[in-house]
Amino acid sequence: MSRCIIILGLVFTLCLAGCAPLSTDPKLVGTYSATNSETLIFMADARVFHTEIVNGKEEKFFLGYYTSASNNAGQLGFVGPDTSEFVGTSFQASKDFSTVTASWNNFRKPKDLWQVMYHTTAKTN
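Here is what the cut-offs are and how they apply
- Residues numbered from 1 in each chain as written.
- Predicted model: local features only at pLDDT ≥ 70, side-chain atom pairs only at ≥ 80, totals over all residues.
- Heavy atoms only, no water.
- Phe/Tyr/Trp six-rings, centres within 6.5 Å; stacked < 30°, edge-to-face > 60°.
- Helix = DSSP H or I, 4+ residues; strand = E, 2+ residues; numbered from the N terminus.
- Buried < 20%, exposed > 50% of the residue type's maximum accessible area, 1.4 Å probe, protein only.
- Lys NZ or Arg CZ within 6 Å of the ring centre and 35° of its normal.
- Salt bridge = Lys/Arg side-chain N within 4 Å of Asp/Glu carboxyl O.

Q: I'm lost on the packing of aromatic side chains in this one. Help?
A: Aromatic ring pairs are reported here in terms of the distance separating the ring centres and the angle at which the planes meet. Applying the stated criterion to the full structure yields nine aromatic pairs. Between Y32 and F42 the ring centres are 5.6 Å apart and the planes differ by 85 degrees, which places this aromatic pair in the edge-to-face class. Of the two residues, Y32 is situated in strand 1 (residues 30-33) and F42 in strand 2 (residues 39-42); the sequence distance between them amounts to ten residues. In terms of burial, Y32 and F42 fall into one category: buried. With centroids separated by 5.4 Å and ring planes inclined at 75 degrees, the aromatic side chains of F62 and Y65 adopt a geometry described as edge-to-face. When its relative accessible area of 29% is taken as the criterion, Y65 is described as partly exposed. The structure contains a cluster of three or more aromatic residues connected by ring pairs, namely Y32, F42, Y66, F78, F86, F91, W104 and W114. Note that K60 overlies the ring of F49, its terminal NZ or CZ placed 4.7 Å from the centroid.

What follows is the structure, encoded as structure tokens:
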């Protein structure tokens, strides 16, 4: 009898926790550019990449997974991985999703904070 209760408890817990995959608002998915040749790429599966030109070559970095709260699709917060140096970085999209403001926070250098505004360049689906 106790096994049955444990199994039912686990099933109930999984139902409450939800098993939905991470995702990003489809209006945000795409590439955004800043004036300094940096770009942000928001993927449908919540991955965010940053590219910049270093020594004449484009370098692409995985920043982590970012999702929005259900009440504000334009505000994205960090979800993982917890080993990323960008824990604490967040993104705010404009209402029409044409611009994204990045509030950068480098986990390894806590006093290294800055903001950059990115503009839509191309949408991907």
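Q: Help me understand the pattern of salt bridges in this model?
A: Pairs can form between side chains of opposite charge once their charged atoms are near each other. This structure, assessed with the given rule, holds one salt bridge. The residue R47 makes a salt bridge to D45 at a minimum N-O spacing of 2.8 Å. Overall, D45 belongs to the partly exposed group, its relative accessible area being 33%.

Q: It is not clear to me how unusual backbone geometry should be interpreted in this structure. Could you clarify?
A: That bond from G80 to P81 is cis: its omega, -5 degrees, falls within 30 degrees of zero. Considering the arrangement of structural elements, one finds P81 in the loop between strand 5 (72-80) and strand 6 (90-93). Even without being a glycine, F97 presents a positive backbone phi close to 60 degrees. Looking at the element boundaries, F97 is found in the loop between strand 6 and strand 7 (99-105). By relative accessible area, which is 7% here, F97 ends up buried.

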